[in-house]
Amino acid sequence: MKTYIYKNYTIPKWFIFYLYLIFFLSNPFSKLSAQNSKVYFTDVTKQAGINFRYTFGDYTYENILESSGSGITIFDYNNDGLPDLYMLNGTYIEGISDTDGKVFENTGNKLYKNNGNGTFTEVSQEAGVDDRNWGMAAGAIDYDNDGDLDIFSANGTAEELILQPPLLLENDGKGHFQNVGPELCDYFSTKRSGRAAAVWDYDNDGDMDIIVSHIDLQATATLLRNDGANSNHWLGLKLIGENGPASAIGARIIVTIGNKKRVYINQWSTSYLSNNDPRVHIGLGQNRHIDRIEIFWSNGRKETYNNPPIDRYLTIEEGRVPSTQ
């Protein structure tokens with residue numbers, strides 16, 4: 001039987017998130033593009049096998065004010081060394097959407113598996129992440145520090161006060177997910193109208209916590225403190241690029257432990273109106289040693305760090321020796 005890991009803290013209404021989501025798939029009509037040497041972009045969405053189209057459960061914006069996209073999470077869900085794409089979706093709402101919008105009923109979130117050849121395969125049902133609620137915010141979070149990235153999702157709509165349960169989807173290490181939230185904290189058994197969410201280690205103890213804002217009749221934000229992941233090892237990386245922290249956004253990190261490689265993306269924003277911990281969090285399970293960290297900076301530069309210390313936060317500045325926090 002699992003023990004409770006997250007504790008639910010209510011924080012004042014004035015506590016708001018400090019950065020807005022700026023991400024290319026926030027617009028429902030955004031497309032995947034590839035950059036060529038002349039700094040032009042070519043639409044390769046169709047060739048890549050990505051047929052995602054964000055829906056708000058209707059054909060027009062007259063009934064649904066929440067018509068903006070909810071973000072995208074880029075993470076290696078199956079530990080094959082390739083970054084995959086997780087996209088949140090809206091859905092048809094009975095009594096609010098027009099009857100013509102019923103064709104969008106039960107539209108789920110989408111998980112696109114990276115095939116390694118520039119194409120993707122949609123695997124949300126196979127992976128168990130095709131949630132049919134109205135997804136507003138999500139983030140990849142290794143909540144138990146076992147080395148597999150899990151998913152937190154805040155659901156519901158605000159203007160219409162549609163309350164839906166939040167989800168904590170645990171990765172079994174093979175790319176299959178199961179909702180374990182209700183086993184860990186009462187918050188996950190309560191329907192709310194989640195709006196924005198961020199994952200962060202707010203108390204710097206090495207495990208990832210969650211903060212969620214809500215627009216419902218309770219009108220309170222919730223801070224979920226993680227109290228159960230410190231039995232496993234971890235490492236956090238604060239990346240500072242050549243022109244500051246912002247220039248490190250998008251950097252790719254490859255962590256080698258023995259014959260296994262794990263890939264992480266330095267992405268701060270994955271959800272609606274929210275910003276995650278700017279540090280890259282790496283769960284290590286029972287591993288006590290990292291052989292190598294390779295950082296592919298956003299400007300194309302590659303740097304390698306051998307045998308880094310663990311169970312702490314390291315600051316890595318591009319072109320300099322890492323320092324311990």
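Below you will find a few notes about this structure.

Conventions used here
Residues numbered from 1 in each chain as written. Predicted model: local features only at pLDDT ≥ 70, side-chain atom pairs only at ≥ 80, totals over all residues. Heavy atoms only, no water. Salt bridge = Lys/Arg side-chain N within 4 Å of Asp/Glu carboxyl O. Buried < 20%, exposed > 50% of the residue type's maximum accessible area, 1.4 Å probe, protein only. Helix = DSSP H or I, 4+ residues; strand = E, 2+ residues; numbered from the N terminus. Pairing = 2+ DSSP bridges. Core = buried A, V, L, I, M, F, W, Y, C linked by side-chain atoms within 4.5 Å. Phe/Tyr/Trp six-rings, centres within 6.5 Å; stacked < 30°, edge-to-face > 60°. Lys NZ or Arg CZ within 6 Å of the ring centre and 35° of its normal.

### Quick notes on the pattern of salt bridges
Counted according to the given criterion, the structure contains 10 salt bridges. Notably, a salt bridge pairs Lys102 with Glu105, separated by 3.2 Å at the nearest N-O pair. Look at Glu105 and you get partly exposed, because its relative accessible area is 35%. Taking the shortest distance from any N to any O, the salt bridge between Arg225 and Asp227 comes out at 2.9 Å. Judged by its relative accessible area of 35%, Asp227 is partly exposed.

### Notes on the pairing of strand β12 (residues 194-200)
The two faces of the sheet receive side chains in turn, since in a regular strand these alternate between them. Of all 7 residues in β12, 6 are buried, a share of seventy percent or more. Relative to strand β13 (residues 209-214), β12 is paired through 6 bridges, and the arrangement is antiparallel. Bridge assignment links Trp200 to a residue of β13, and that residue is Asp209.

### Observations regarding the nonpolar core
One finds Leu237, Leu239, Ile253 and Ile295 to be the most contacted residues of the largest nonpolar core, which totals 34 residues. Contributions of two or more residues to this core are made by β10 (167-171), β15 (233-240), β16 (252-257), β18 (280-285), β19 (292-296) and β21 (313-317). Listed in part, the 17 residues of the second largest apolar core include Ala137, Tyr143, Ala154 and Phe188.

### Thoughts on the packing of aromatic side chains
The full count for this structure, using the stated rule, is 5 aromatic pairs. On the numbers, 5.5 Å between centres and 80° between planes, the contact of Tyr187 with Phe188 is edge-to-face. Across the pair, Phe188 and Tyr187 agree in class, each one buried. Stacked on the ring of Tyr313, the Lys or Arg Arg279 has its end atom at 3.8 Å from the ring centre.

### Thoughts on the pairing of β19
The pairing of β16 with β19 spans 5 bridges and is classified as antiparallel. Bridge pairing links Ile253 to Ile295 in β19. Judged from the 5 bridges that link them, β19 and strand β20 (residues 302-306) form a sheet pairing that is antiparallel. Considered in β20, the bridge of Ile295 is made with Glu303.

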